[in-house]
Amino acid sequence: VTHLSGGHINGAVTLSLVLGGNLPWYQGVVHVVAQLLGSFIGAAILAAIFPCALDKTTNLGSNIVNPDFGVGHALVAEIVATFMLC
């Protein structure tokens, strides 16, 4: 399977491979669709296992920006981390 997928599960990596010419655009589209489908299925499984009434954290499976860190800093951190993946 890795000779077909490359083993990447991050949409940013897929986009960079397509833009860099290392992955054909049509294969990139298939990868992104598969990545999104996997995300939705994973979220549905989490929602089924942990109903909202039982979730003591109130944010199961999601990231929250620490108010002391700030949204702007979090955005810059995500951008830098994304470029490091590519």
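To be clear, the structure that these remarks concern was listed above.
Fair warning: this is a prediction, and the values are worked out from it, not measured in the lab.

### Considerations on helix α3 (residues 25-49)
Given a rise of 1.5 Å per residue, 25 residues ought to cover 36 Å, and the 36 Å separating the end C-alpha atoms of α3 matches this to within 8%. Residues Gly-28, His-31 and Gln-35 constitute the buried set of α3.

### Some points on a nonpolar patch on the surface
Together, Leu-37, Ile-41, Ile-45, Leu-46, Ile-49, Phe-50 and Leu-60 line one region of the surface with nonpolar side chains, adding up to about 610 Å² of accessible area. Residue class for Leu-46 comes out partly exposed when judged on its relative accessible area of 32%.

### A word on the side chain of Thr-14
One can find Thr-14 in helix α2 (residues 11-19). Non-local contacts of Thr-14, meaning those with residues more than four positions away in its chain, are made with His-8, Leu-23, Gly-28, His-31, Val-32 and Gln-35.

### Observations regarding the packing of aromatic side chains
We describe a pair of aromatic rings using the distance from one ring centre to the other and the angle between the two ring planes. A full pass over the atoms with the stated rule returns 1 aromatic pair. An angle of 85° between the planes, with centres 5.9 Å apart, marks the rings of Trp-25 and Tyr-26 as edge-to-face.

Basis of the calculations
- Residues numbered from 1 in each chain as written.
- Predicted model: local features only at pLDDT ≥ 70, side-chain atom pairs only at ≥ 80, totals over all residues.
- Heavy atoms only, no water.
- Helix = DSSP H or I, 4+ residues; strand = E, 2+ residues; numbered from the N terminus.
- Expected span 1.5 Å × (residues − 1).
- Buried < 20%, exposed > 50% of the residue type's maximum accessible area, 1.4 Å probe, protein only.
- Patch = residues over 30% accessible without salt bridge, like charges linked within 9 Å, V, L, I, M, F, W, Y side chains within 5 Å.
- Areas by Shrake-Rupley, 256 points an atom, 1.4 Å probe, with all protein chains shown as cover.
- Salt bridge = Lys/Arg side-chain N within 4 Å of Asp/Glu carboxyl O.
- Contact = heavy atoms within 4.5 Å.
- Phe/Tyr/Trp six-rings, centres within 6.5 Å; stacked < 30°, edge-to-face > 60°.

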